[in-house]
Amino acid sequence: MERRKFLFRSVQASALLLVSGNMFASVLPKFNPKKNNKVYAHNLFFWLRKDLSAAEVKDFENFFEGLKKLPYQKNLRYGKPAGSSPRNVLDSTYSYNAAMEFDSLEELEAYGQLPEHLALVKKYKPSFEKMLVYDTVYN
């Protein structure tokens, strides 16, 4: 008989915890670690002038090295076309590509207005004839 009472009380206590736990869960804010984990990608494509010397082309990489030192941006990488097999959807006509990430749109836009950023652009702008920028937000 004592064992039955113990089991019955254990079931009652478990049910009470289950119900009260659900009650508290409904009033507590839901934690979602991915809620604000958007990443803002900033992708740059450059077509260098055809008349640049090999040394001037190599010097253009200092543009990216300078950008790496600026605040807000993360994970800056740069390079040249990979040499993939030609396909109708593949554009390998650019000279350099750079990709970086930002935690918010506000940081991306603030980065673009930094005096150091503007100075680097001004210094290296004569090296390229065309530039395209693609900004993307990832959830």
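Residues numbered from 1 in each chain as written. Predicted model: local features only at pLDDT ≥ 70, side-chain atom pairs only at ≥ 80, totals over all residues. Heavy atoms only, no water.

If you look the protein up in an unreviewed UniProt entry, it shows as Dabb family protein from Chryseobacterium kimseyorum.

Visitor: An account of the pairing of strand β1 (residues 39-48) is needed here, citing residue identities and associated values.
Guide: Taking burial as the measure, the 10 residues of β1 include nine buried ones, the bulk of the element. Sheet topology note: the β1/strand β4 (residues 128-138) ladder contains 10 bridges and is antiparallel. For His 42, the partnering residue across the bridge sits in β4 and is Asp 135. Summarising the sheet, β1 and strand β3 (residues 96-102) pair through seven bridges and their orientation is antiparallel. The partner of Tyr 40 across the bridge, within β3, is Phe 102. (Buried < 20%, exposed > 50% of the residue type's maximum accessible area, 1.4 Å probe, protein only. Helix = DSSP H or I, 4+ residues; strand = E, 2+ residues; numbered from the N terminus. Pairing = 2+ DSSP bridges.)

Visitor: Which residues make up helix α4 (residues 115-124), and what are the values?
Guide: What α4 keeps buried is the set His 117, Leu 120 and Tyr 124. For α4, the angular spread of buried residues about the axis comes to 65°, placing them on one side. α4 presents Pro 115, Lys 122 and Lys 123 as exposed residues on the side facing more than 90 degrees away from its buried surface. Where α4 is buried, its residues contact α2 (54-68), α3 (105-113) and β4. (Arc of directions from axis to C-beta. Contact = heavy atoms within 4.5 Å.)

Visitor: Give a detailed account of the packing of aromatic side chains, specifying residues and quantitative values.
Guide: Tallying each qualifying case throughout the model produces 17 aromatic pairs. Aromatic pair Phe 46 and Phe 128: ring centres 5.1 Å apart, planes at 70°, arrangement edge-to-face. Here Phe 46 is found in strand β1, whereas its partner Phe 128 is found in strand β4, with 82 residues between them in sequence. Residues Phe 46 and Phe 128 agree in their burial class; the two are buried. An aromatic cluster of three or more residues is present, and its members are Phe 46, Phe 60, Phe 63, Phe 64, Tyr 78, Tyr 96, Tyr 124 and Phe 128. For Lys 130, the ring lying beneath its charged end belongs to Trp 47, and the centroid distance is 4.4 Å. (Phe/Tyr/Trp six-rings, centres within 6.5 Å; stacked < 30°, edge-to-face > 60°. Lys NZ or Arg CZ within 6 Å of the ring centre and 35° of its normal.)

Visitor: Can you break down the packing of α2 against α4 residue by residue, with the values?
Guide: Where α2 contacts α4, the axes come no closer than 10 Å and their chain directions differ by 175°. Classified by the angle their axes make, α2 and α4 are roughly antiparallel. On the side of α2, the interface is formed by Asp 59, Phe 60, Asn 62, Phe 63, Gly 66 and Leu 67, while α4 contributes His 117, Leu 120, Val 121 and Tyr 124. Looking at side-chain class alone, the contact of α2 with α4 contains six nonpolar, three polar and one charged residues. (Axes fitted to C-alpha atoms, helices over the stretch in contact; angles between N-to-C directions. Parallel < 35°, antiparallel > 145°, perpendicular 65-115°, else oblique. Nonpolar A, V, L, I, M, F, W, Y, C, P; charged D, E, K, R; others polar.)

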